[in-house]
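Commentary on secondary and tertiary structure
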Amino acid sequence: MKKSRTSLVPQETIEDKILLIRGKKVMLDRDLAVLYEVQTKALKQAVRRNSKRFPDDFMFELTTQEFENWRSQFVTSNKEKMGLRYKPMVFTEQGVSMLSSVLNSERAIQVNIQIMRTFTKLREMLATHKDLQKKIVAMEGKYDKQFKVVFDALRVLIEPLGKTKKRIGYR
């Protein structure tokens, strides 16, 4: 009997939890714990008990500087209740996949499947984006200068949003 593909967690929620740290797409231990419905402490204990399953390319802890930068993003008066006392573990896609074997609950397995699908979707979107850029560059070489305005507009549309943001405040 085939199970339905109904989501335990909306894909947008998972996408929002995927961060870019050290040039890798990762998820924080606390976010994974919420998705798996376990305490962060329990998740970390399971990982430490099975440390051989989590090499550096699967999981790493933030450096002190990374932790301070990350912690400064939260404006809160009670850091202990927010779980910000200890450096978080961050998991790459392979590390998240390995988590289902150490947590071994039905929810962990189902949420992991959703997370893996989300990582795959993000990878496909990135590949499509790069292919589109290559096609536009190729077309630009074929057509004359009267289409320059069109190509310039397309380039602006496919540029990452982060590069076009203006700084706020005094200079």
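Just so you know, these numbers come straight off a predicted model, no measurement behind them.

Cut-offs and rules
- Residues numbered from 1 in each chain as written.
- Predicted model: local features only at pLDDT ≥ 70, side-chain atom pairs only at ≥ 80, totals over all residues.
- Heavy atoms only, no water.
- Helix = DSSP H or I, 4+ residues; strand = E, 2+ residues; numbered from the N terminus.
- Buried < 20%, exposed > 50% of the residue type's maximum accessible area, 1.4 Å probe, protein only.
- Contact = heavy atoms within 4.5 Å.
- Areas by Shrake-Rupley, 256 points an atom, 1.4 Å probe, with all protein chains shown as cover.
- Pairing = 2+ DSSP bridges.
- Axes fitted to C-alpha atoms, helices over the stretch in contact; angles between N-to-C directions.
- Phe/Tyr/Trp six-rings, centres within 6.5 Å; stacked < 30°, edge-to-face > 60°.
- Arc of directions from axis to C-beta.
- Core = buried A, V, L, I, M, F, W, Y, C linked by side-chain atoms within 4.5 Å.

1. Some points on the overall build of the protein chain
Looking only at helices and strands, the protein chain has eight helices and four strands in total. Along the chain direction, N to C, the helices and strands of the protein chain fall in the order α-β-β-α-α-β-α-α-β-α-α-α. Looking at the protein chain as a whole, 28% of its 171 residues qualify as buried. Sequence-distant contacts in the protein chain: of pairs separated by 6 or more residues, those separated by 24 or more amount to 68%. For the protein chain, the accessible area works out to roughly 12,600 Å², and carbon and sulfur atoms hold 55% of it.

2. Describing the sheet that holds strand β4 (residues 89-91)
In any sheet, the strands associate via hydrogen bonds between backbone groups, in a parallel or an antiparallel arrangement. Here we have four strands laid out as an open sheet, ordered β1-β2-β4-β3, and antiparallel in their pairing. Lying at the two open borders of the sheet, with one neighbouring strand each, are β1 (19-21) and β3 (59-61). On average, each strand axis in the sheet is tilted by 45° relative to the strand beside it, whichever way the strands run. In the sheet, β3 pairs with β4 via three bridges, with the strands oriented antiparallel.

3. A few points about the packing of aromatic side chains
With the rule as written, the count across this model stands at one aromatic pair. Centroid distance F54 to F91: 5.9 Å. Interplanar angle 75°. Geometry classified as edge-to-face. Highlighted residues: F54 in the loop between α3 (40-49) and β3 and F91 in strand β4, separated in sequence by 37 residues. Residues F54 and F91 agree in their burial class; the two are buried.

4. Focus: the environment of E37
Counting through the fold element by element, E37 comes out in the loop between α2 (29-36) and α3. C-alpha of E37 to C-alpha of V111: the two residues are 74 residues apart in sequence and 9.9 Å apart in space.

5. Details of α3
Those residues of α3 that fall on the buried side of the exposure criterion are L43, K44, A46 and V47. Viewed end-on, α3 has its buried residues packed into an arc of 160°, placing them on one side of the element. Facing away from the buried surface of α3 by more than 90 degrees, the exposed residues are K41, R48 and R49. Check the buried side of α3 and you find it contacts α2, β3, β4 and α6 (93-103).

6. Things to note about the side chain of T118
For T118, the location among the structural elements is in helix α7 (residues 106-142). In this structure, T118 is in contact with Q11, I14, E15 and I18, ignoring residues within four places of it in sequence.

7. Here's the deal with α6
Restricting attention to buried positions, one finds in α6 the residues E93, G95, V96, L99, S100 and V102. With its phi angle positive at about 50°, N104 sits one or two positions after the end of α6.

8. Things to note about unusual backbone geometry
The residue R22 is not glycine, and still its phi comes out positive at about 55°. Note that R22 resides in the loop between β1 and β2 (24-28). In the Ramachandran plot, E37 falls in the positive-phi region, its phi being about 60° despite a non-glycine side chain. Residue classification places E37 among the exposed residues on the basis of a relative accessible area of 58%.

9. What about the nonpolar core?
Proteins that are soluble and globular tend to have nonpolar side chains buried together. The biggest cluster of nonpolar side chains holds 24 residues, and the ones touching the most others in it are M27, L32, Y36, F91, L99 and I115. Contributions of two or more residues to this core are made by α2, α3, β4, α6 and α7. Non-local contacts of L32, meaning those with residues more than four positions away in its chain, are made with M27, L43, F91, V96, L99 and I115. Grouped together as the second largest cluster of nonpolar side chains are seven residues, L28, F60, L62 and V90 included.

In short, shape yes, function no, at least from these values alone.
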